[in-house]
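Single-letter residue listing:
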Amino acid sequence: MIKFFLMVNKQGQTRLSKYYEHVEISKRTLLETEVIKSCLSRSNEQCSFIEFKDFKLIYRQYAALFIVVGVNDTENEMAIYEFIHNFVEVLDEYFSRVSELDIMFNLDKVHIILDEMVLNGCIVETNRARILAPLLILDKMSESI
């Protein structure tokens, strides 16, 4: 099960965070700082899976963005690794070559995409067309107004 989902730039600034288990706000900042530090300090040759406290971190780097997913010990690392790639492919399709600025200025849409893919920490959808369908409807509705 997914515990949290983070998008972070190379400077360590969190661009998106989504928690699927309750973590107090005061502890989130500390957790994110530790997670980001452990991911950013690794070289490209090192494995993208990290044992961290009582869960595992799976991360991927895309240009200047790191996507980090915290999961429990029973989750399949390769499945989450592919899920991250699928998430980025969906973003690329919607934004046509997604950038950090797209994420910053369209955070609501990125959350909608993530919510279509993950429900209560479980991956529920991977089909790009079905993930993007609600967003495309919202876009059509906003154009007609």
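An unreviewed UniProt entry lists the protein chain under the name AP complex subunit sigma, with Suricata suricatta given as the organism. According to its UniProt record, the protein chain has this under Subcellular location (unreviewed entry): "Endomembrane system". In its Subunit (unreviewed entry) section, UniProt records this for the protein chain: "Adaptor protein complex 4 (AP-4) is a heterotetramer composed of two large adaptins (epsilon-type subunit AP4E1 and beta-type subunit AP4B1), a medium adaptin (mu-type subunit AP4M1) and a small adaptin (sigma-type AP4S1)."

Caption draft 1: Local environment of the packing of helix α2 (residues 77-95) against helix α5 (residues 128-144). Direction vectors running N to C along α2 and α5 enclose 35 degrees, while the axes themselves pass 10 Å from each other. Considering the relative orientation of α2 and α5, their crossing is right-handed. Together, Asn86, Glu89, Val90, Glu93 and Tyr94 of α2 and Arg128, Ile131, Leu132, Leu135, Leu136 and Asp139 of α5 make up the contact between the two elements. Grouping the constituent residues of the contact of α2 with α5 by class yields six nonpolar, one polar and four charged.

Caption draft 2: Broad picture of the side chain of Lys3. Inspection of the secondary structure puts Lys3 in strand β1 (residues 2-9). Residues in contact with Lys3, not counting those within four places in the same chain, are Lys18, Tyr19, Tyr20, Glu21, Asp54, Phe55, Gly70, Val71 and Asn72.

Caption draft 3: Fine view of the packing of aromatic side chains. Throughout the structure, instances matching the rule amount to eight aromatic pairs. Taken together, a centroid distance of 5.5 Å and an interplanar angle of 85 degrees make the contact between Phe4 and Phe55 edge-to-face. With Phe4 in strand β1 and Phe55 in strand β4 (residues 55-62), the pair connects residues that are 51 residues apart, well separated along the chain. Take Phe4: its relative accessible area is 2%, and that puts it in the buried class. Assessed through its relative accessible area of 7%, Phe55 is described here as buried. Here the guanidinium or amino end of Arg60 rests over the ring plane of Tyr81, the centre of that ring lying 4.0 Å away.

Caption draft 4: Main features of the sheet that holds strand β2 (residues 14-19). Reading across from one edge, β2-β1-β5-β4-β3 is the order of the five strands in this open sheet, with antiparallel pairing throughout. Only two strands of the sheet have a single neighbouring strand rather than two, namely β2 and β3 (49-52). Mean inter-strand twist for the sheet, computed between neighbouring axes without regard to direction, equals 20 degrees. Two strands pair when backbone bridges link them, and β1 and β2 are joined in this way by five bridges, in the antiparallel orientation. Paired with Leu6 across the two strands is Ser17, which belongs to β2. Against the sheet, α2 touches β1, β3, β4 and β5 (65-71), its axis set at about 35 degrees to β4.

Each value, and the rule that gives it
Residues numbered from 1 in each chain as written. Predicted model: local features only at pLDDT ≥ 70, side-chain atom pairs only at ≥ 80, totals over all residues. Heavy atoms only, no water. UniProt positions renumbered as here; feature names shortened; annotations may be inferred. Axes fitted to C-alpha atoms, helices over the stretch in contact; angles between N-to-C directions. Helix = DSSP H or I, 4+ residues; strand = E, 2+ residues; numbered from the N terminus. Left-handed = near helix turned anticlockwise from the far one by under 90°. Contact = heavy atoms within 4.5 Å. Nonpolar A, V, L, I, M, F, W, Y, C, P; charged D, E, K, R; others polar. Phe/Tyr/Trp six-rings, centres within 6.5 Å; stacked < 30°, edge-to-face > 60°. Buried < 20%, exposed > 50% of the residue type's maximum accessible area, 1.4 Å probe, protein only. Lys NZ or Arg CZ within 6 Å of the ring centre and 35° of its normal. Pairing = 2+ DSSP bridges.

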